[in-house]
Amino acid sequence: MAAAPVVVASKIDTEGALLGNMILSMLDARGIAVRNRLQLGPTNILRAAILAGQIDIYPEYTGNGALFFHKETDPAWKSWAKGYKKAAALDHAKNRLVWLAPAPANNTWVIAVRKDLAERAHLKTMSDFSRYVAEGGYVYLAASAEFVESPSALPAFETTYGFRLSDRQLLTLSGGNTAATLRAAAEGMSGVNAAMAYGTDGAIAALGLVALEDDKGAQIVYAPAPVVRETTLTQYPQISAVLDPVFKSLTLGALQQLNAKIAVDGQDAGIVAAAYLKSRHFLP
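Here is a short report on the structure shown in this document.

Basis of the calculations
Residues numbered from 1 in each chain as written. Predicted model: local features only at pLDDT ≥ 70, side-chain atom pairs only at ≥ 80, totals over all residues. Heavy atoms only, no water. Helix = DSSP H or I, 4+ residues; strand = E, 2+ residues; numbered from the N terminus. Contact = heavy atoms within 4.5 Å. Pairing = 2+ DSSP bridges. Axes fitted to C-alpha atoms, helices over the stretch in contact; angles between N-to-C directions. Phe/Tyr/Trp six-rings, centres within 6.5 Å; stacked < 30°, edge-to-face > 60°. Buried < 20%, exposed > 50% of the residue type's maximum accessible area, 1.4 Å probe, protein only. Lys NZ or Arg CZ within 6 Å of the ring centre and 35° of its normal.

Time to look at the environment of Q267. Summarising the element assignment, Q267 is placed in the loop between α13 (252-263) and α14 (269-279). Other than its neighbours up to four places away in sequence, Q267 contacts K261, I262 and V272.

Take a look at the structure:
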């Protein structure tokens, strides 16, 4: 009797498509039967599906463990290593889900500024940004209402770094699409020179912006990692050996470049994923 195929899913966003295609391609190349459910939906849909056994593996983010287990105030989530270990331990104990090796990257909230501003004002970190604001530097930040209002987003930056942006320094855009905020900053729309973004957004560098380092750890770390049902891993124990090296190779810079090929250049996520895997000799 043939083994059941591994149902591979992903979130509906750019990075979800990229990482999901990598998982799908790697398993297929190693002779593991797969079923494609990529870009299935947002986080809550994927989470419900894997808990119900409707999908077997998908890329998730360590920081979402804070949400899944209602432990948002635990400082472990602000550490790449501790957050991964906590998510893995909690999910295995309660749900028999296994977190494989995470990428050394962080897809968390960041503030990105125009490159000309970064160079002129010597802005590399959020501590630098706080100094710039305190000195009366010009800031007009494009962001979503969620980023402005959520305690874990802009208010967390303000509390950690000791600055405060007034309503006059904020351009609040409807929706949460970072493509809109980044483009507003890149084009200087209405004087915008800073934008909310995610750490691995491909458009940051492509649009001539600089993501400021969260040097005091205001934000939860969101490192991407494959999450797989333990029963699936028992059936196909080689999965971890196949995927761990791939995810360990995905640095912040690598993800930004790959995401840019999809989001900025319009390339197909499957083609981008395959080209990367071949370039790193994960695929022949």
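An order of β7-β6-β8-β5-β9 is seen for the 5 strands of this open sheet, with the pairing classed as mixed. The outermost strands of the open sheet, each flanked by one partner alone, are β7 (170-173) and β9 (209-211). Averaged over all neighbouring strand pairs, the angle between strand axes comes to 35°, with direction disregarded. Judged from the 2 bridges that link them, strand β6 (residues 141-144) and strand β8 (residues 194-198) form a sheet pairing that is parallel. Paired with L141 across the two strands is A194, which belongs to β8. Helix α9 (residues 178-187) contacts β5 (109-114), β6, β7, β8 and β9 of the sheet and is inclined by roughly 145° relative to β8.

Turning our eyes to something else, we now look at the packing of aromatic side chains. Summed over all chains, the structure comprises 5 aromatic pairs. Aromatic side chains F147 and F157 sit 6.4 Å apart centroid to centroid with 50° between the ring planes, which places their arrangement in the tilted category. Highlighted residues: F147 in helix α7 (residues 145-149) and F157 in helix α8 (residues 154-161), separated in sequence by 10 residues. F157 matches F147 in its accessibility class, with the two residues each being buried. Consider the rings of F157 and Y161, whose centres lie 6.5 Å apart with planes at 35°: the pair is tilted. Taken together, the residues F157 and Y161, both in helix α8 and 4 residues apart, mark about one turn of the helix. The burial state of F157 is the same as that of Y161; both residues are buried. Three or more aromatic residues joined by ring pairs make a cluster, and in this case those are W109, F147, F157, Y161 and Y198. The lysine or arginine in question, R47, covers the ring of F68, its NZ or CZ lying 4.0 Å from the ring centre.

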